[in-house]
Amino acid sequence: MQDDALVNHDFYCPYCDTPLTFLIDTSQGSHDTWEDCHQCCAPIQLHIIVSLMTGELEAVLTGRDDDVL
């Protein structure tokens, strides 16, 4: 894994609105994952979209565990 494949992504918890930063590995390509909020421990769904052409992070959609992303 290259260091440039790691991207910090800032967002707010969809449950408690706490500001969060997660490290995203773009070398995994587009994928779905779940992380827990560091404040309220609720599961956050992350839909990570990585460009097939450039390998760069295009978007991160976040939602509650029961949201459909």
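All values reported here derive from a predicted model rather than from experimental measurement.

As for the packing of aromatic side chains
Right, so step 1: Counted according to the given criterion, the structure contains one aromatic pair.
Right, so step 2: Considering the side-chain rings of F11 and F22, the 5.3 Å spacing of their centres and the 40 degrees angle between planes classify their relative orientation as tilted. Taken together, the positions of F11 in strand β1 (residues 6-12) and F22 in strand β2 (residues 19-25) put the pair eleven residues apart, joining distant regions of the chain.
Right, so step 3: According to the relative accessible area criterion, F11 is buried, its value standing at 9%.

Things to note about unusual backbone geometry
Right, so step 1: Although it is not a glycine, D17 sits at a positive phi angle of roughly 65 degrees.
Right, so step 2: Notably, C41 is not glycine yet its phi reads approximately 65 degrees, a positive angle.
Right, so step 3: With respect to the helices and strands, C41 occurs in the loop between β3 (31-36) and β4 (43-50).

Here we look at the pairing of β1
Right, so step 1: Looking at chain direction, β1 and β2 are connected through seven bridges and run antiparallel. When the sheet's bridge partners are listed, F11 is paired in β2 with L20.
Right, so step 2: In sequence, β1 turns back onto β2 through a hairpin of six residues, with D17 there showing a positive phi of about 65 degrees.

Notes on the pairing of β4
Right, so step 1: Alignment of β3 against β4, held across six bridges, turns out to be antiparallel. Residue pairing in the sheet places D36 in a bridge with P43 of β4.
Right, so step 2: Pairing analysis gives seven bridges linking β4 to strand β5 (residues 57-64), with the strands arranged antiparallel. When the sheet's bridge partners are listed, Q45 is paired in β5 with G63.
Right, so step 3: The hairpin turn running from β4 into β5, its antiparallel successor, is six residues long, and G55 in that turn takes a positive phi close to 75 degrees.

Calculation criteria
- Residues numbered from 1 in each chain as written.
- Predicted model: local features only at pLDDT ≥ 70, side-chain atom pairs only at ≥ 80, totals over all residues.
- Heavy atoms only, no water.
- Phe/Tyr/Trp six-rings, centres within 6.5 Å; stacked < 30°, edge-to-face > 60°.
- Helix = DSSP H or I, 4+ residues; strand = E, 2+ residues; numbered from the N terminus.
- Buried < 20%, exposed > 50% of the residue type's maximum accessible area, 1.4 Å probe, protein only.
- Pairing = 2+ DSSP bridges.

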